[in-house]
Amino acid sequence: MNRYLVMAMRLPQFDTGQIGPHRDFLDDLRRQGRLELAGGFSDKSGGAYVLRASDIDEARVLAFTDPLHLTGSSRVDVFEWQAA
């Protein structure tokens, strides 16, 4: 499996009510062995997480089911990450 960096940046219409569902989403990914690392930025502009997936398409499918993306609270971008 490859690593993918998911950036979730808050949009002006960010809904704080989506924080709990987002954390539940990350917990589910962690239980599946798909989440390697996650955290928010100290300036509250958003956060990032590292997914494990077979390819970029699978990573996007996973990331785009994040409640932050589904509700339009955050812009979610996925990048293949070739970390050393």
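This section reports on the structure supplied with the text.

Cut-off values and rules
- Residues numbered from 1 in each chain as written.
- Predicted model: local features only at pLDDT ≥ 70, side-chain atom pairs only at ≥ 80, totals over all residues.
- Heavy atoms only, no water.
- Helix = DSSP H or I, 4+ residues; strand = E, 2+ residues; numbered from the N terminus.
- Buried < 20%, exposed > 50% of the residue type's maximum accessible area, 1.4 Å probe, protein only.
- Contact = heavy atoms within 4.5 Å.
- Core = buried A, V, L, I, M, F, W, Y, C linked by side-chain atoms within 4.5 Å.
- Salt bridge = Lys/Arg side-chain N within 4 Å of Asp/Glu carboxyl O.

Moving on: the environment of glutamine 18. Mapped onto the fold, glutamine 18 is located in the loop between strand E1 (2-10) and helix H1 (19-31). The exposure class of glutamine 18 is buried, given its relative accessible area of 14%. Between the C-alpha atoms of glutamine 18 and serine 73, which are 55 residues apart in sequence, the distance is 7.7 Å. Excluding residues that lie within four positions of it along the chain, glutamine 18 makes contacts with Pro67, Leu68, Thr71 and Ser73.

Time to look at the nonpolar core. Ranked by size, the top nonpolar core spans 17 residues in total, and within it Val6, Leu29, Tyr49, Leu51 and Ala63 carry the most contacts. Every element with two or more residues in this core is listed here: E1, H1, strand E3 (46-53), helix H2 (56-63) and strand E4 (74-80).

Let us now look at the side chain of serine 74. One can find serine 74 in strand E4. In this structure serine 74 touches Ala8, Met9, Arg10, Leu11, Phe14, Leu68 and His69, once residues within four positions along its chain are discounted.

The next thing to look at is the pattern of salt bridges. One pass over the structure, following the stated rule, counts six salt bridges. Between aspartate 28 and arginine 31 there is a salt bridge, with the nearest N and O atoms lying 3.8 Å from each other. With aspartate 28 and arginine 31 both in helix H1 and three residues apart, the pair spans about one turn of that helix. Of the residues examined, aspartate 28 reaches a relative accessible area of 34% and is grouped as partly exposed. On the basis of relative accessible area, arginine 31 is assigned to the exposed category, the value being 64%. Where arginine 52 meets glutamate 36, a salt bridge forms, and the shortest distance between an N and an O atom there is 2.8 Å. In this pair, arginine 52 sits in strand E3 while glutamate 36 sits in strand E2 (residues 35-40), placing the two residues 16 residues apart along the sequence. Exposure remark for arginine 52: the relative accessible area of 25% places this residue in the partly exposed category.

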